[in-house]
Amino acid sequence: MAVAELNSAFTKTQLHSSQLSFLSRSVPTHQHCAFPTLHRNQQHARISCSVTQQNQVQAPAVQTQEPKSKSDCYGVFCLTYDLKAEEETKSWKKLINIAVSGAAGMISNHLLFKLASGEVFGPDQPIALKLLGSERSIQALEGVAMELEDSLFPLLREVSIGIDPYEVFQDAEWALLIGAKPRGPGMERADLLDINGQIFAEQGKALNAVASRNVKVIVVGNPCNTNALICMKNAPNIPAKNFHALTRLDENRAKCQLALKAGVFYDKVSNVTIWGNHSTTQVPDFLNAKIDGLPVIDVIKDRKWLEEEFTEKVQKRGGVLIQKWGRSSAASTAVSIVDAIRSLVTPTPKGDWFSSGVYTDGNPYGIAEGIVFSMPCRSKGDGDYELVKDVIFDDYLRNRIAKTEAELLAEKRCVAHLTGEGIAVCDLPGDTMLPGEM
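Just so we're clear, the structure is a prediction, and the values are computed from it rather than from any experiment. (Residues numbered from 1 in each chain as written. Predicted model: local features only at pLDDT ≥ 70, side-chain atom pairs only at ≥ 80, totals over all residues. Heavy atoms only, no water.)

Caption draft 1: Focus on the sheet that holds strand 9 (residues 269-270). Spatial ordering of the open sheet is given by 9-12-13, a layout of three strands whose pairing is antiparallel. In this open sheet, the two strands that pair with only one neighbour each are strand 9 and strand 13 (294-295). Where strand 9 lies against strand 12 (residues 290-291), two bridges are found, and the strand directions are antiparallel. From the neighbouring strand, Ser-270 faces strand 12, where its bridge partner is Lys-290. (Pairing = 2+ DSSP bridges. Helix = DSSP H or I, 4+ residues; strand = E, 2+ residues; numbered from the N terminus.)

Caption draft 2: Spotlight on the pairing of strand 4 (residues 127-132). Here strand 4 lies mainly inside the structure; six of its six residues are buried. With burial as the criterion, each face of strand 4 is covered, one bearing Ile-127, Leu-129 and Leu-131 and the other bearing Ala-128, Lys-130 and Leu-132. Examined bridge by bridge, strand 3 (residues 96-101) and strand 4 share six bridges and lie parallel to one another. Looking across to strand 4, one finds that Val-100 is bridged to Leu-131. The parallel pair strand 3 and strand 4, bridged by helix 3 (residues 106-117), forms a crossover whose chirality is right-handed. Summarising the sheet, strand 4 and strand 5 (residues 156-162) pair through six bridges and their orientation is parallel. Bridge assignment links Leu-132 to a residue of strand 5, and that residue is Gly-162. (Buried < 20%, exposed > 50% of the residue type's maximum accessible area, 1.4 Å probe, protein only. Right-handed = clockwise from strand over helix to strand, strands pointing away.)

Caption draft 3: Summary view of the packing of helix 6 (residues 189-210) against helix 7 (residues 224-233). Between helix 6 and helix 7, the least distance of the axes is 7 Å, while the angle of their chain directions is 40°. When the interaxial angle is binned, helix 6 and helix 7 end up oblique. Considering the relative orientation of helix 6 and helix 7, their crossing is right-handed. On helix 7, the residues that touch Leu-193, Asn-196, Gly-197, Phe-200, Ala-201, Gln-203, Gly-204 and Leu-207 of helix 6 are Thr-226, Asn-227, Ile-230 and Cys-231. Of the residues assigned to the contact of helix 6 with helix 7, the class counts are six nonpolar, six polar and no charged. (Axes fitted to C-alpha atoms, helices over the stretch in contact; angles between N-to-C directions. Parallel < 35°, antiparallel > 145°, perpendicular 65-115°, else oblique. Left-handed = near helix turned anticlockwise from the far one by under 90°. Contact = heavy atoms within 4.5 Å. Nonpolar A, V, L, I, M, F, W, Y, C, P; charged D, E, K, R; others polar.)

Caption draft 4: Representation of the state of the cysteines in the model. In this structure the tally under the stated criterion is two disulfides. Across a sulfur-sulfur distance of 2.1 Å, Cys-73 and Cys-78 are joined as a disulfide pair. The chirality of the disulfide connecting Cys-73 with Cys-78 is right-handed, given an S-S dihedral of about 105°. Given a relative accessible area of 4%, Cys-73 falls into the buried group. Across the disulfide, Cys-414 is cross-linked to Cys-426 (sulfur-sulfur distance 1.8 Å). (Disulfide = S-S within 2.5 Å.)

Caption draft 5: Representation of unusual backbone geometry in the model. In this structure, Pro-223 follows Asn-222 across a cis peptide bond, with omega equal to -5°. When you line up the elements, Pro-223 lands in the loop between strand 7 (216-219) and helix 7. If you check the backbone angles, Leu-152 has positive phi at about 55° while not being a glycine. Turning to its location among the elements, Leu-152 is positioned in the loop between helix 4 (138-151) and strand 5. You will see that Asn-271, though not glycine, has its phi angle at about 55°, which is positive. Relative to the helices and strands, Asn-271 is located in the loop between strand 9 and strand 10 (273-275). The buried category is assigned to Asn-271, whose relative accessible area is 4%.

Caption draft 6: How the structure looks around the pattern of salt bridges. Applying the stated criterion across every chain, the model contains 13 salt bridges. Glu-421 serves as the salt-bridge partner of Lys-412, at 3.7 Å between the closest nitrogen and oxygen. Overall, Lys-412 belongs to the buried group, its relative accessible area being 17%. For the salt bridge of Asp-427 with Arg-413, the shortest nitrogen-to-oxygen distance reads 3.2 Å. Remark: Arg-413 occurs in helix 12 (residues 395-414) and Asp-427 occurs in the segment after helix 13 (416-419); sequence separation between them is 14 residues. We classify Asp-427 as partly exposed; its relative accessible area is 39%. Among the residues examined, Arg-413 registers a relative accessible area of 38% and is labelled partly exposed. Beyond isolated ion pairs, a larger network of salt bridges with shared partners links Arg-248, Glu-251 and Lys-255. (Salt bridge = Lys/Arg side-chain N within 4 Å of Asp/Glu carboxyl O.)

Fair warning: the whole summary comes from geometry, so function is off the table for now.
Below, the structure written as structure tokens:
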């Protein structure tokens, strides 16, 4: 049988409750020894394994080592390295820390391997993945880390896993907040706002305490606009401009529908904006969109289709997908997260823009301040963005924008207790959850 013991240095180490709960499960049940999963305490001691005959216990060989800077590291990613010492890696950029919540979920299962491959930040950008799970998902999170090990990504230099955001978010330069409670049967939208709002309030506090002061935060967990607002309000030391709510999948779906209608490939579609909330009040903007450089309204002359069917198709795409194969759009959501990040780290093509849910203070459109609202953005590729000013509006577009604005203001009032703005008052205008998110 395999026997695992911890040396005395480990037993004297002070443990957080999250680490204790993890260790109580992992040590008795895991028999493989090549990739120990002791996380933070790995830096103080190793588990040493030996093969013995039954009823005979052989004392393990114990090796102590100096504390390392890597906390909660997993397996092969606990090894030390010097990128500047190797001919192949000395020209690489400085390693960046990327935190991902909901890291054991389906979206992350697609996303993490894209991040590790260099597809997102480039072929010369080494990364460290800091993966946040829950008590229930910690074993699945180990499985994710094992698959990342087995994939042999040269750029993936560190992986750490944990269930405490104050540990996992340490020095994070990007925080991709995917994990959220799904809406169950009979659950009111106000209840979902409160439950998930508490999660994002706590994660905002953790980011404020331990993340990089210039961390870029992309909130994916729904309702993502108001969750991003809650997270931002609980992180006052991080610039409000650094928080984003993911509406890029909506933009991608809108581009697809316009391309189908026009009979062109979707790389011909540009300047598409999703205005407002990630809900059925969202406004896919065909007025400013272009197909092959021409205004959409000059290419697709069916105004009734644009005003009615187009928006409905974008909104209901996720629900149709679920009906087709019985699961939500995890893969395309992961792709849209990649698109959203790349739009911030790559200069926006001249004349084009992208959609992101961002803080409305100082916006040039007359949209109410103090909410997170999807708007058209441009970036120089430095992680920052500016709002696009050269857009046009007609009565139809303004009326639709006013409706989604009213919904977000109502959501804001519903979570006032989580943003430090007083007592919550829920007067939501209706049930506007997107199909597939229930």
